[in-house]
Amino acid sequence: MAGRQNDGEGRAGRAADARASYSLRLACFYGALFLIMGVHLPYLPVWLDLRGLTAEQIAIVTAAPLFLRVFITPTVAMLADITGAHRQLINGLAWLALVLALLLLQAQGFWPIFLLAVPLAIAFSTIIPLTETIAVAGVRAHGLDYGRMRLWGSITFVAAGFVGGWLIDHVGAGAVIGCILAGIVATTGFAWLLPERADPAGSGVASQVRPARAGGNSVKDARKLVASPLFLTFLLAAGAAQGAHGMFYTFGALAWHAQGIPTAWVGTLWAIAIAGEVALFAYSGNVVRRWGPVTLMIAATAAAVTRWALMSLSPPLPALIPLQTLHTLTYGASHLGAMHFIARAVPESAQGTAQALYATVAAGLLMGGATLTSGWLYARIGGQAYLAMAALAGIGLAAALFVRARWSGGLLWTADTSG
């Protein structure tokens, strides 16, 4: 009896250690990955402007990878679902990004920059849905708190934004690519420490042990996702909330500079936005249990309508501070709601494909369209281009309300009927 008890305690201890290790390695990787995003997202347009690109060219360089992801990201994700090689693909993409960033350091002129910056953005952005798939598998297999892992990405995003802004003020905009390169080096290093995707049954065995089953269902599951009106409406709701950030991500820093706001305050305003996001992710377990994923998406799209409509007025610095706190909802709540909707509504065999479709629509089609539109509008009407983002968020709000009315809270289909 004592032997069986000790054996049970030993298994429980090993399971707890595996759970902690899985969470820690993902948290470290998120932290490294978002060092890139914390500089690339707000400051790449500043570097492109330094290189002499026009507003339309900046929009093209920024938007092109978003559209190309429509073809590339789902293909990579389906390959990962079929083979179970999520970790290996992440490592390969990280090394590709490192090579491209080194070449971009010396690039001059629109076409050389375009031909390097676009695949660079695709490489590290395609890593994100692959990482999310590993994270959601941990949520299912080990009961991990997704938000507690993901918040470290938000924290390093803020840190990178502060450092990047300080360097731009004191060294010049040329520091942007150097900061991005440093983030890629960290990402490449921590990618080797990523865990294998956990088995959903909770055994902790990597999903690679079941590649034949995954491969057999992957294409059918992808077809079921794109044929589901409810899933497509979810994509519209989440995608519109995310895509409505297109103007802010591409021209937010330039618009603030035009208002006379120094770069140090640009980093501070980004930090204010991300601080609320970090707090939301830190308590995400309780938030999701209380409100549910769809309510979070409704709150996100409603807040986005308000945020971008008011931003179109080019508010002064004191008014920007409370407006930036709405990022907690417009990005944080929309992403958190999307992750938990996918975890609850999509069968495990289609998780990677669902993550890729979400990334493709939210950070691809709709974000790309919003970014291109913003480039054309910003060149003509400046900050009033935010009104187009408010309109897109309104479409997302209507879609989120539709999902609320139609979704029962369970799987879109069961494993028994997927084949």
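Look up a bit, the structure's there.
Residues numbered from 1 in each chain as written. Predicted model: local features only at pLDDT ≥ 70, side-chain atom pairs only at ≥ 80, totals over all residues. Heavy atoms only, no water.

Visitor: Got a minute to help me understand the packing of aromatic side chains in this structure?
Guide: Each pair of aromatic rings is reported with the distance of its centres and the angle of its planes. Taken as a whole and judged by the stated rule, the model has 16 aromatic pairs. Considering the side-chain rings of F248 and W270, the 4.9 Å spacing of their centres and the 25° angle between planes classify their relative orientation as stacked. With F248 in helix α9 (residues 246-258) and W270 in helix α10 (residues 263-282), this pair connects stretches of sequence that are 22 residues apart. Looking at F248, the relative accessible area reads 1%, which means it is buried. Ring pairs connect the aromatic residues F157, F248, Y249, W256, W270, W308 and Y386, which therefore count as one cluster. Stacked on the ring of W413, the Lys or Arg K224 has its end atom at 5.9 Å from the ring centre. (Phe/Tyr/Trp six-rings, centres within 6.5 Å; stacked < 30°, edge-to-face > 60°. Helix = DSSP H or I, 4+ residues; strand = E, 2+ residues; numbered from the N terminus. Buried < 20%, exposed > 50% of the residue type's maximum accessible area, 1.4 Å probe, protein only. Lys NZ or Arg CZ within 6 Å of the ring centre and 35° of its normal.)

Visitor: Can you walk me through the packing of helix α2 (residues 55-83) against α9 in this structure?
Guide: The relative placement of two packed helices comes down to the angle between their axes together with the axis-to-axis distance. In the contact formed by α2 and α9, the axes pass within 11 Å of each other and the chain directions differ by 145°. Contact residues: A55, I58, A59 and T62 in α2; T250, F251 and L254 in α9. Class assignment for the residues of the contact of α2 with α9 results in five nonpolar, two polar and no charged. (Axes fitted to C-alpha atoms, helices over the stretch in contact; angles between N-to-C directions. Contact = heavy atoms within 4.5 Å. Nonpolar A, V, L, I, M, F, W, Y, C, P; charged D, E, K, R; others polar.)

Visitor: In this structure, what is going on with the packing of helix α8 (residues 229-243) against helix α15 (residues 386-406)? I would like to understand it.
Guide: The geometry of α8 relative to α15 is characterised by a closest axis approach of 8 Å and an angle of 150° between their N-to-C directions. The orientation of α8 relative to α15 falls into the category roughly antiparallel. The hand of the α8/α15 crossing is left-handed. Across from L230, T233, F234, L236, A237, A240 and G243 in α8, the residues of α15 making contact are M389, L392, I395, G396, A399, A400, F402, V403 and R406. When the residues that make up the contact of α8 with α15 are grouped by side-chain class, the tally is 12 nonpolar, three polar and one charged. (Parallel < 35°, antiparallel > 145°, perpendicular 65-115°, else oblique. Left-handed = near helix turned anticlockwise from the far one by under 90°.)

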